[in-house]
Amino acid sequence: MPRTTALSDIRNIGIIAHVDAGKTTTTERILYYTGRKHTIIDIHDTKDMKTSTTTDYLEQEQKRGITIQSAAVSAFWRDKKINLIDTPGHVDFTIEVNRSLRVLDGAVVVFDGVAGVEPQSETNWRLADNYDVPRFCYVNKMDRSGANFVRCVDMIKKRLGARPLPVQIPIGSEDNFKGMVDLVEMKALIWDSDDKDAEWQSIDATPDLVDKLHIVVPSDRKLLGEVARYRTELIDTCLEQDDEAMEAYITHGTVPSPEVLRKALRKGTLNSAFTPVLCGSSYKNKGVQQVLDAVVDYLPAPTDVASIKTVDADGEPIGERKTSDDEPFAALAFKVINDVYGALTFIRVYSGVLTKGASVQNSTRGKREKIGRMVEMFAKEAIPIEEARAGDIVALVSLADTETGDTLCDAANQVVLERMRFPDPVISVSVRSKLKAEQEKFGAALGKMVRADPSLHLETNRETGQTILRGMGELHLEVTLDRMRTEFGVEGVMGEPQVAFRETFTRTVDEQYTHKKQTGGSGQFAEVWITFEPLERSAGFEFVDKTSGGSVPKEFVPAVEKGLRIQKEDGVLAHYPTVDFRATLTDGSYHDVDSNALTFEIAAKAAFREGIRKAAPILLEPVMKVETVTPGDHLGDVIGDLNRRRGTIQDQIERGTNIAVVAVVPLSEMFGYIGQLRSMTSGRASYTMEFSHYEPVPRQVADEVIAEVAKTRAAAQA
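Residues numbered from 1 in each chain as written. Predicted model: local features only at pLDDT ≥ 70, side-chain atom pairs only at ≥ 80, totals over all residues. Heavy atoms only, no water.

Visitor: If you had to explain the environment of K554 to someone new, which residues and values would you point to?
Guide: Locating K554 in the fold gives a position in the loop between strand 32 (541–545) and helix 14 (557–567). Given the relative accessible area of 57%, K554 is considered exposed. Separated by 368 residues in the primary sequence, K554 and M186 have C-alpha atoms spaced 72 Å apart. If we skip the residues at most four places from it in the chain, K554 touches D545 and T547. Here D545 takes part through its side chain, which lies 3.1 Å from a polar atom of the side chain of K554. (Helix = DSSP H or I, 4+ residues; strand = E, 2+ residues; numbered from the N terminus. Buried < 20%, exposed > 50% of the residue type's maximum accessible area, 1.4 Å probe, protein only. Contact = heavy atoms within 4.5 Å. Polar contact = N/O pair within 3.5 Å; in protein donor to acceptor, adjacent residues only side chain to side chain.)

Visitor: Explain helix 1 (residues 23–33) to me, using residue names and the numbers behind them.
Guide: Burial analysis of helix 1 places eleven of its eleven residues in the buried class, which makes it a mostly covered element. Where helix 1 is concerned, the buried positions are K23, T24, T25, T26, T27, E28, R29, I30, L31, Y32 and Y33. Considering only its buried residues, helix 1 is in contact with strand 1 (10–17), strand 2 (71–77), strand 3 (80–86), strand 5 (135–140), helix 11 (288–298) and strand 19 (374–378). Just downstream of helix 1, G35 is the residue with a positive phi angle, here 85°.

Visitor: Residues and numbers for the pattern of salt bridges, please.
Guide: Should the charged atoms of two oppositely charged side chains come close, the side chains can pair. Applying the stated rule across the entire model yields 51 salt bridges. The closest approach of N and O atoms between D112 and R144, which form a salt bridge, is 2.7 Å. Of this pair, D112 sits in strand 4 (residues 106–112) while R144 is found in the loop between strand 5 and helix 5 (149–160), placing the two residues 32 residues apart along the sequence. Since its relative accessible area comes to 36%, R144 is described here as partly exposed. (Salt bridge = Lys/Arg side-chain N within 4 Å of Asp/Glu carboxyl O.)

Visitor: An account of the packing of aromatic side chains is requested, with residue identities and associated values reported.
Guide: The geometry of an aromatic ring pair is captured by two quantities: the separation of the ring centres and the angle between the planes. A full pass over the atoms with the stated rule returns twelve aromatic pairs. For the ring pair F532 and F608, a centre distance of 6.0 Å and an interplane angle of 80° mean the geometry is edge-to-face. Separated by 76 residues along the polypeptide, F532 in strand 31 (residues 524–534) and F608 in helix 15 (residues 597–613) bring together distant segments of the chain. You'll find F532 and F608 in the same group, each marked buried. Ring geometry for F581 versus F608: centroids 5.9 Å apart, planes at 50°, classification tilted. On the criterion of sequence distance, the pair formed by F581 in strand 33 (residues 581–589) and F608 in helix 15 is long-range, its members being 27 residues apart. Assessed through its relative accessible area of 0%, F581 is described here as buried. In this structure, R135 is placed above the aromatic ring of W125, and the distance from its NZ or CZ to the ring centre is 4.6 Å. (Phe/Tyr/Trp six-rings, centres within 6.5 Å; stacked < 30°, edge-to-face > 60°. Lys NZ or Arg CZ within 6 Å of the ring centre and 35° of its normal.)

Visitor: Could you give an account of the packing of helix 8 (residues 227–239) against helix 9 (residues 243–252), naming the residues involved and the relevant values?
Guide: It is the contact of helix 8 with helix 9, at a shortest axis distance of 8 Å, that shows an interaxial angle of 130°. The angle between helix 8 and helix 9 falls in the class oblique. Of helix 9, the residues touching helix 8 (which contributes I235, D236 and L239) are D243, A245, M246 and Y249. Of the residues that constitute the contact of helix 8 with helix 9, the class distribution is five nonpolar, no polar and two charged. (Axes fitted to C-alpha atoms, helices over the stretch in contact; angles between N-to-C directions. Parallel < 35°, antiparallel > 145°, perpendicular 65-115°, else oblique. Nonpolar A, V, L, I, M, F, W, Y, C, P; charged D, E, K, R; others polar.)

Visitor: With reference to specific residues and values, describe the sheet that holds strand 17 (residues 359–362).
Guide: An order of 18-17-23-14-15-22-19-20 is seen for the eight strands of this open sheet, with the pairing classed as antiparallel. Every interior strand has two partners, whereas the edge strands, strand 18 (367–370) and strand 20 (381–384), have only one. Here the strands of the sheet are splayed against their neighbours by 40° on average, with no regard to which way each runs. Two elements, strand 19 and strand 20, share four bridges in a ladder whose sense is antiparallel. Its bridge partner being in strand 20, E376 is matched across the sheet by I383. Contacts from helix 3 (residues 94–103) reach strand 14 (330–339) and strand 15 (342–351) within the one sheet, and its direction differs from that of strand 14 by about 150°. (Pairing = 2+ DSSP bridges.)

Visitor: Break down the packing of helix 16 (residues 635–644) against helix 17 (residues 673–681) for me, with residues and values.
Guide: For the pair helix 16 and helix 17, interaxial distance at closest approach is 10 Å and the crossing angle is 150°. Classified by the angle between their axes, helix 16 and helix 17 sit roughly antiparallel to one another. Crossing geometry of helix 16 relative to helix 17 is assigned as right-handed. On helix 17, the residues that touch D637, V638, D641 and L642 of helix 16 are Y673, Q676, L677, M680 and T681. (Left-handed = near helix turned anticlockwise from the far one by under 90°.)

Shape descriptors only; they carry no functional weight alone.
Following this line, the structure appears as structure tokens:
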């Protein structure tokens, strides 16, 4: 079957933002204006559970009014196919943004015109930087009280380190928001009503525009009075991308045409020289069509971005795979969900053609996969298709062995594509089935949830036998259990949240240990000399072999590393994993008969236990970056409460009529914070929290944690 949409006519984009900036509202309008749906559902209309927006269809999303999992839809605009993913804005579900950005070519970053750059805006921006995703900004909610376009652009520059370039400026704000000035065409686009089918009027952006449109608010008049300055800035910045137009402008005063400016804006966006900024109000149906135009004009087609890197077993780049139907098939699985259709594996096809019924190789795991049903997803609706080509985003039904981050490829031309990077969980709870009779069903459902979400980790506590679920936050874990109820029909009970403490040490030690055992017949013998030295935070664990002369036979060295890797998970202070250190095997000895891999593994474990006790071990705790937004009259209470929680205040930022207090606070002190915050501020304040770093626990607190762990273990063994 021939290709129906040229690669140059495809846009794979994501909509990313902080929670409540208006991503889903914008997506609803995009689907309406592109003709993919004939009504608009707003978030506040879904709380009664009788209806849902297209992309927020989970029961948990309707209840909470937030996006929890990314949803894919597609639409056509100006003969271009737009594959769009609406992503969550809550910090607990950053994994969804992470894996979406990994496979997308471009992004629309939505900002609340009142709040400006918020914490998750920063996190998502950094993720887009990591994956080199071209993007433009859309300052939404210009109709809200306190909306300020200039302040928002300034925050994009200062807090994100970006180079924002306004291509529109708003006409009016708050209740008087009428539209925007298009600085490329130098036209004022004015809406007469908020109706979804309202047409806009286009008039020349002349110097008397302020009076012509009866703009009376001084700040709005001042902004419109600077149209000429913004236009000059746009031209000067765009001409950096076009030497020919620059020469014509300098030599002959030739003002670049809108076509030349759009071409330069596209080039600058693709190479991240600057970031175009648009404005509007999706809820009031103003500016969404212009966002669609910008997606087509400025964001890349699959052929405009760098070819996907191929990597070796260590993740080091060794080549690339070009985006083309003529190349061998290669795709990346970026998401697995449990659906009424079975397990759905979402893939981005980077090269070649995949047909229904084909047999492909999972090169990450060395397994073969048979392609049965193949569908194009429109949120929760599955549309069967026969083939997928380079640039497509599709879902495969019921793959046996493929998980998030795996590569699927042509068996005769195997490659492994760059994998995704996922954050480690920072919070854990014990979970169990509500009904004993459903324990097996509960375990199977939990396994499927963990397979679908790489930011969830599952393990069993060896002392208590409890099942421990680790995740990114209380909401993340709560939603996981709630989804098991709705998707698998099994209910769970969650224990008290536990902090994911870590252990490390502060002193370098050389440890010698000899494992010797004689029980009749062949005995056991292994001697190791290991140097343990601390590393900087987040360095992880390194193992180095510096033995010489065969003091430890090469075939036994991996057993030493294995022993250390196993033992480091059971720290010497409170049995938490030990991190951020290097273990160097410097010497040892062996016996021709009594030594084997197991004896060296045992010796390494014992050397770790003995050595770390002498290395001044300390406890580390996760520290969170907390941003609390409060009315000014409660500022003192909020700061005082954060200080009592061992917090350190880093900044205070104006957010419209409120103040955002930025602090770093240990996670262990943040449980139950929302209740206290609401009580202090009469429900007027809110907060967001994301992982920042690990740092040493104060001695008194560490002693309490160690004692509590010892008490729990003793009770479990009694």
